[in-house]
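Reading the structure
Each chain, letter by letter, is given below.
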Amino acid sequence: MSRSARLVPAAAALLALAVTGTACDGGVHGTPGGSGVRDPYFPKAGNGGYDVTHYALTLDYTPGTRHLTGKAVITARATKDLSAFDLDLSGLDVDSVTVEGKRARWNRAGQELTVRPHDDLDQGETFRTTVRYAGTPKTLTDPDGSEEGWLPTADGALALGEPVGSMAWFPGNNHPSDKATYDITVTVPKGLQAVSNGELTSQRTKGGRTTFAWHSAQPMAGYLAVVAIGHYDITHTTGPHGLPVLTAVDPTQAEAGKVLAKIPDIIDWEETNFGPYPFSSTGAIVDRPGDAGYALETQTRPVFPADQLDTSTLVHELAHQWYGDSVTPKSWRDMWLNEGFATYAEWLYAEDHGGKSAQQTFTDLYEGDDEDIWAFPPAKPSGAAHISDSPVYQRGAMVLQKIRQKVGDDTFYDIIQGWAAAHRYGTVDTADFTAYVEKKAPDKDFGEIWKDWLYGNGKPDHP
Ligand code: TRP
Ligand code: ZN
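Below, the structure is looked at part by part. Remember, it's a predicted structure, so these values are computed and weren't measured experimentally. (Residues numbered from 1 in each chain as written. Chains lettered and ligands numbered in written order. Predicted model: local features only at pLDDT ≥ 70, side-chain atom pairs only at ≥ 80, totals over all residues. Heavy atoms only, no water.)

The next thing to look at is the overall build of the protein chain. If you tally the helices and strands in the protein chain, you get 9 helices and 23 strands. Computed over its C-alpha atoms, the radius of gyration of the protein chain comes to 23 Å, within 12% of the 23 Å expected for a compact globule of 463 residues. Based on the C-alpha atoms only, the size of the protein chain along its principal axes is roughly 70 × 50 × 40 Å. Every one of the 463 residues in the protein chain was classed for burial, and the buried ones make up 57%. Long-range pairs, those at least 24 residues apart, make up 68% of the contacts in the protein chain between residues at least 6 apart in sequence. (Helix = DSSP H or I, 4+ residues; strand = E, 2+ residues; numbered from the N terminus. Rg over C-alpha atoms; globule rule 2.2 N^0.38 Å. Buried < 20%, exposed > 50% of the residue type's maximum accessible area, 1.4 Å probe, protein only. Contact = heavy atoms within 4.5 Å.)

Turning our attention to unusual backbone geometry. Residue Pro 163 is bonded to the preceding Glu 162 through a cis peptide linkage, with omega at 0 degrees. Topologically, Pro 163 is positioned in the loop between β12 (156-160) and β13 (180-189). Backbone geometry places Leu 92, a non-glycine residue, at a positive phi of 65 degrees. Tracing the sequence through the fold places Leu 92 in the loop between β4 (82-88) and β5 (93-99). Take Leu 92: its relative accessible area is 9%, and that puts it in the buried class. Even without being a glycine, Tyr 425 presents a positive backbone phi close to 65 degrees. By secondary structure assignment, the location of Tyr 425 is in the loop between α7 (390-422) and β23 (427-428). Residue classification places Tyr 425 among the partly exposed residues on the basis of a relative accessible area of 26%.

Protein-derived ligands of the zinc ion (ligand 2) are His 316 (NE2), His 320 (NE2) and Glu 339 (OE), with the metal-ligand distances lying across 1.9 to 2.0 Å. Each donor residue of the zinc ion (ligand 2) lies on one chain, and together they are spaced H-x3-H-x18-E. Here His 316 is found in helix α4 (residues 311-319), whereas its partner Glu 339 is found in helix α5 (residues 336-352), with 23 residues between them in sequence. For the pair His 316 and Glu 339, one class covers both residues: buried. (Donors = N, O, S within 2.8 Å, 3.2 Å for Na, K, Ca; no water.)

Our focus in this paragraph is the packing of α5 against α7. Between two packed helices, the angle of one axis relative to the other and the distance separating the axes together describe the packing. Running from N to C, α5 and α7 cross one another at 70 degrees; their axes reach a closest spacing of 8 Å. Taken together, α5 and α7 sit at an angle that is classed as roughly perpendicular. In this structure, α5 crosses over α7, and the sense of that crossing is right-handed. (Axes fitted to C-alpha atoms, helices over the stretch in contact; angles between N-to-C directions. Parallel < 35°, antiparallel > 145°, perpendicular 65-115°, else oblique. Left-handed = near helix turned anticlockwise from the far one by under 90°.)

Dropping the structure here:
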């Protein structure tokens, strides 16, 4: 039962008035924050009226029963006077909500958890919301049919969030435009491991259960949060300049170690090409084929089903740490800024390691018979079901090759490194990118590249 269902009618009427902003106790001025951030592809994702700065998630999970207990402490800053605000949460039962330590009223409608704090929040105020919840977390199906959210596995679970799956396991502002730091603490039955983003700050076993505390010190979009619960062989190594590398491999997939051993060299190569690695640790999580249907660039620790782990995919997911994770799209329309770059990283890696040149890959695609690439322009996917189709990946990468053709290698590398540096830990859109490129090469005309390759329908007339 939702909390508002328990209110007596008078209180419910007052709540209704308060939510419209006309009858707040204390005579304040706040209005509701809004139930989305107008993402063109996922209109209900995210919420208005506040910015989260930190999530402290405390989770307890038992694979045998699939029962999750959670506490989310969300520190946020009000961006306007608020009488109420929304969090996104799909499934699970909410037990209580407090704001600044006082019990708050709340109700649920679909993925919106609307919270009405006891006291209105003032614009600029930092406030702390605590949500206690429990239940069996859901697996969500993406518009393109792939699965995300909470994925039960043979010996545990895998929590993955692109594009909107994080709301299946914690309440929050479920949109890449609002990044925050995270502490993710997970308790599981003794003998299992729980791996997440960032660095492990403590591990202790008590009463037959083990608690793993993970800290992400650099801002992260919610879709990049990961929790992997199960049996894992954990390896600690170091990469360039002592960067900690932590890999977690399902014991039945030990062969993965051969590819993962390349992480330090790949990070080193990527730093040469993209600039300093943006986070305080790196690594990977490898699960069994089918545990997830795809690899994902979860921050500091990308996830691979073992059948999708090869050098090129590793290069791709690690390149996302710069492009996607550190420099994050403001909306799901700008996915090509993730996938075009990560795909181009694969092309460049091949070029630098005795394979095809990026120009040759470009030419082969242009002359090849895969018509899907031309289905829509990279900067305007034809719907939520298509944000991970080949125009976003391949044609997105072709845009970068077109820029390289126009400016030459020196300026091109300045652009891709400078872009990662200028927007480190931030959020960006396509207009930010085209403006950045134009600023870096003021004597060049990019008009046709933008018109034909980035925004234009159909196959451009010239390669
Ligand atoms: N971002 C992943 C990658 O290319 C692919 C992916 C997994 C994806 N799930 C998605 C893309 C959901 C878009 C939407 O590394
Ligand atoms: Zn990708």
